[in-house]
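So you can see what is in the structure, the chains are spelled out below.
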Amino acid sequence: MKKLLISTVAILATLPVFSQQALWGGTEIVSPEINPDNSVTFRLFAPNAQAVQVTGDFLPTQTVEVPNFGEVDVPGVADLVKDEKGVWSFTTPAPLAPELYMYSFVVDGLRMMDPSNVYMNRDVATVTNIFLIDEPGSRAHLYKVNDVPHGTVSRVWYDSPGLNLKRRMTIYTPPGYEDSNDSYPVFYLLHGAGGDEEAWIALGRTAQILDNLIAEGKAEPMIVVMTNGNPSQEAAPGETSEGFKRPGMDVSRMNRGEFETSFPDVVNYVDKHYRTKADKAHRAIAGLSMGGFHSLHTSKFYPDLFDYVGLFSAAIFPFDGRGEAPVYQDFEGKLKTQFEKNPKLYYIAIGDKDFLYNDNVKFRQILDANGYPYEYFESPDGHIWKNWRIYLTEFAPKLFKQ
């Protein structure tokens with residue numbers, strides 16, 4: 001028994017996590033530490049490192065050139081300073097506004113997670129640490145788990161004859177759903193390129209936002225359905241028969257019309273298995289980037305399905321010369337039919353630095369030229385989750401109002 005204990009201690013002493021805390025009674029490294037004025041201190045114990053930086057969306061962006069894509073804004077970097085104990089640290093020079101932030105360290109050129117912070121999210125193939133600066137009454141307070149009634153989040157498999165696959169989606173049911181006989185409206189919420197049915201729940205904080213908006217009386221209780229928008233995928237990476245396949249930005253089938261034309265498979269499943277108000281007046285569809293593309297084309301291809309449409313930083317037009325699918329043909333004719341049926345809300349939101357901004361301007365010019373009514377919301381910044389969470393908090397309260 002004594003030998004086993006000694007061996008166990010020896011093994012544990014070699015683990016990287018224990019470099020952050022002395023085994024017996026040492027001082028724990030706290031990172032990130034949110035200071036009383038909402039400045040934030042980051043720390044990393046790395047006595048042998050030559051250079052340590054932090055990168056995250058709380059820092060000013062920098063513009064980089066991406067091959068075959070052009071210039072994009074990415075999070076900036078800041079240098080940490082090492083003390084005599086081998087602890088590197090950086091404190092933001094000013095308080096941070098309430099928000100959910102993402103960050104990681106760069107140690108001697110190698111990107112790594114903060115070993116003192118267990119909270120992290122995956123966005124496509126990138127994993128980052130997260131932290132939340134919360135103030136009651138702020139928008140970020142909606143992203144927090146508060147002392148309010150909570151809904152239920154389920155991962156559901158369904159049959160999609162249109163895609164010839166068993167597929168998975170994430171479904172939020174509002175507080176009290178299981179204990180009532182009420183029927184509810186349905187909001188279909190779609191992710192962007194490289195994402196999956198986990199994206200809006202993890203990165204978008206959908207459950208927290210809906211719980212809080214409903215509790216405050218700002219949003220109607222509703223079912224939220226978050227699909228997987230990649231027609232060739234069963235489900236999120238690591239959750240399929242392909243095993244632990246590396247996530248990627250493969251959107252080769254996103255604009256062939258398969259996802260849009262097969263969307264009734266999703267609606268039919270939800271209406272059959274949940275207590276829904278199964279009509280146009282009680283259905284909404286919205287999505288970010290590629291999901292905005294899907295929402296745009298699905299809603300005009302099926303103009304009797306959705307009375308509420310939201311385009312968040314939306315890709316607008318088919319890419320790569322592969323827009324021949326029927327769902328994309330006669331773009332303006334289908335749009336005319338959709339607006340002749342008087343959708344209750346057509347909502348467009350985008351950041352003023354988004355690389356899709358000009359395409360959205362062109363699309364709005366088409367709407368304006370034809371007198372099609374819509375609401376427009378413009379925010380600072382670019383193609384980032386900060387904006388998409390904002391758009392969700394703005395859009396959801398507008399749904400299903402009588």
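The preceding data block contains the structure.
Summary of the structure given here.

What counts as what
- Residues numbered from 1 in each chain as written.
- Predicted model: local features only at pLDDT ≥ 70, side-chain atom pairs only at ≥ 80, totals over all residues.
- Heavy atoms only, no water.
- Pairing = 2+ DSSP bridges.
- Helix = DSSP H or I, 4+ residues; strand = E, 2+ residues; numbered from the N terminus.
- 1 Å grid on protein atoms, 1.4 Å probe; cavity = no way out; pocket = protein on both sides within 12 Å on 5 of 7 lines; lining within 4 Å.
- Points joined across faces, edges and corners; volume = space filled by probe spheres on them.
- Axes fitted to C-alpha atoms, helices over the stretch in contact; angles between N-to-C directions.
- Parallel < 35°, antiparallel > 145°, perpendicular 65-115°, else oblique.
- Left-handed = near helix turned anticlockwise from the far one by under 90°.
- Contact = heavy atoms within 4.5 Å.
- Nonpolar A, V, L, I, M, F, W, Y, C, P; charged D, E, K, R; others polar.
- Salt bridge = Lys/Arg side-chain N within 4 Å of Asp/Glu carboxyl O.
- Buried < 20%, exposed > 50% of the residue type's maximum accessible area, 1.4 Å probe, protein only.

Quick word on the sheet that holds strand E1 (residues 33–34)
Part 1 of the reasoning: With antiparallel pairing, the 4 strands of this open sheet are ordered in space as E1-E2-E8-E7. Looking at the sheet topology across the chains shown, the edges are occupied by E1 and strand E7 (81–82).
Part 2 of the reasoning: Pairing of E1 with strand E2 (residues 40–45) involves 2 bridges; the strand directions are antiparallel. Within E2, the residue paired with Ile34 across the bridge is Val40.

Comments concerning empty space enclosed by the protein
With a probe scaled to a water molecule rolled over the atoms, the places where space remains empty come into view.
Part 1 of the reasoning: Inspection of every chain in the model, using the stated rule, returns 1 cavity of 30 Å³ or more.
Part 2 of the reasoning: Of the volumes computed, that of the largest cavity is approximately 30 Å³.
Part 3 of the reasoning: Lining of the largest cavity is provided by Tyr158, Ser160, Leu163, Arg167, Phe259, Ser262, Phe263 and Val266.
Part 4 of the reasoning: Sorting the residues of the lining of the largest cavity by element identifies strand E13 (152–160) and helix H5 (263–273) as the ones contributing at least two each.

Considerations on the packing of helix H3 (residues 206–215) against helix H9 (residues 385–395)
Part 1 of the reasoning: In contact at an axis separation of 10 Å, H3 and H9 are set at 30° when each is read in the N-to-C sense. One element, H3, and the other, H9, form an angle in the roughly parallel class. In this structure, H3 crosses over H9, and the sense of that crossing is right-handed. For the pair formed by H3 and H9, the contact residues are Thr206, Ile209 and Leu213 on the first element and Arg389, Leu392 and Thr393 on the second.

Quick look at the pairing of E2
Part 1 of the reasoning: As consecutive antiparallel partners, E1 and E2 are separated by 5 residues, and within that stretch Asn38 has a phi angle of approximately 75°, a positive value.
Part 2 of the reasoning: Note that E2 and strand E8 (residues 87–91) share 5 bridges and pair antiparallel. Along E8, the bridge assignment pairs Arg43 with Ser89.

Digging into the side chain of Thr173
Part 1 of the reasoning: Positionally, Thr173 belongs in strand E14 (residues 165–173).
Part 2 of the reasoning: Each residue touching Thr173, except ones within four places of it in the same chain, is listed here: Gly151, Thr152, Glu178, Ile223 and Tyr274.

Details of the packing of helix H7 (residues 331–340) against helix H8 (residues 357–370)
Part 1 of the reasoning: Where H7 contacts H8, the two axes come as close as 12 Å, and the packing angle between them is 55°. What the angle tells us is that H7 and H8 run oblique. Crossing handedness for the pair H7 and H8: right-handed. Residues Phe331, Glu332, Leu335 and Phe339 of H7 form the contact with H8, whose participating residues are Phe363, Ile366, Leu367 and Asn370.
Part 2 of the reasoning: Here the residues of the contact of H7 with H8 sort into 6 nonpolar, 1 polar and 1 charged.

What to know about the pattern of salt bridges
One side chain can pair with another of opposite charge once the charged atoms of both are near each other.
Part 1 of the reasoning: All told, the structure shown has 16 salt bridges when counted by the stated rule.
Part 2 of the reasoning: Here Glu375 and Lys398 are joined by a salt bridge, their closest N and O atoms 3.1 Å apart. Of the two residues, Glu375 sits in strand E20 (residues 375–379) while Lys398 sits in the segment after H9, which places them 23 residues apart along the sequence.
Part 3 of the reasoning: Taking relative accessible area as the criterion, Glu375 reaches 33% and is therefore assigned partly exposed.
Part 4 of the reasoning: Put simply, Lys386 and Asp381 hold a salt bridge, and the shortest N to O gap is 3.3 Å.
Part 5 of the reasoning: Under the relative-accessibility criterion, Lys386 is labelled partly exposed at 31%.
Part 6 of the reasoning: For Asp381, a relative accessible area of 27% gives the class partly exposed.
Part 7 of the reasoning: Here the salt bridges share partners, and the residues they tie into one network are Arg155, Arg168, Glu197 and Glu198.

Description of the sheet that holds E14
Within a sheet, adjacent strands bond to each other through the backbone by hydrogen bonds, running parallel or antiparallel.
Part 1 of the reasoning: Spatial ordering of the open sheet is given by E13-E14-E16-E15-E17-E18-E19-E20, a layout of 8 strands whose pairing is mixed. Each edge of the open sheet is held by one strand with a lone partner, namely E13 and E20. For this sheet, the mean inter-axis angle between neighbouring strands, taken without regard to orientation, is 20°.
Part 2 of the reasoning: By the bridge criterion, 5 bridges tie strand E19 (residues 345–351) to E20 in an arrangement that is parallel. Paired with Tyr347 across the two strands is Glu375, which belongs to E20.
Part 3 of the reasoning: Sheet strands in contact with H3 are E13, E14, strand E15 (186–190) and strand E16 (223–226), and its direction is about 35° off that of E14.
Part 4 of the reasoning: Along the sheet, H8 makes contact with strand E18 (308–312), E19 and E20, crossing E19 at roughly 150°.

Some thoughts on unusual backbone geometry
Most peptide bonds take the trans configuration, and most residues that are not glycine carry a negative phi.
Part 1 of the reasoning: A cis amide bond links Ser31 to the next residue, Pro32, at an omega of -10°.
Part 2 of the reasoning: Secondary-structure assignment places Pro32 in the loop between helix H1 (2–13) and E1.
Part 3 of the reasoning: Even without glycine at this site, Asn38 takes up a positive phi of about 75°.
Part 4 of the reasoning: Within the secondary structure, Asn38 is located in the loop between E1 and E2.
Part 5 of the reasoning: The phi dihedral of Asn164 falls on the positive side, at around 55°, and the residue is not glycine.
Part 6 of the reasoning: Its location among the elements puts Asn164 in the loop between E13 and E14.

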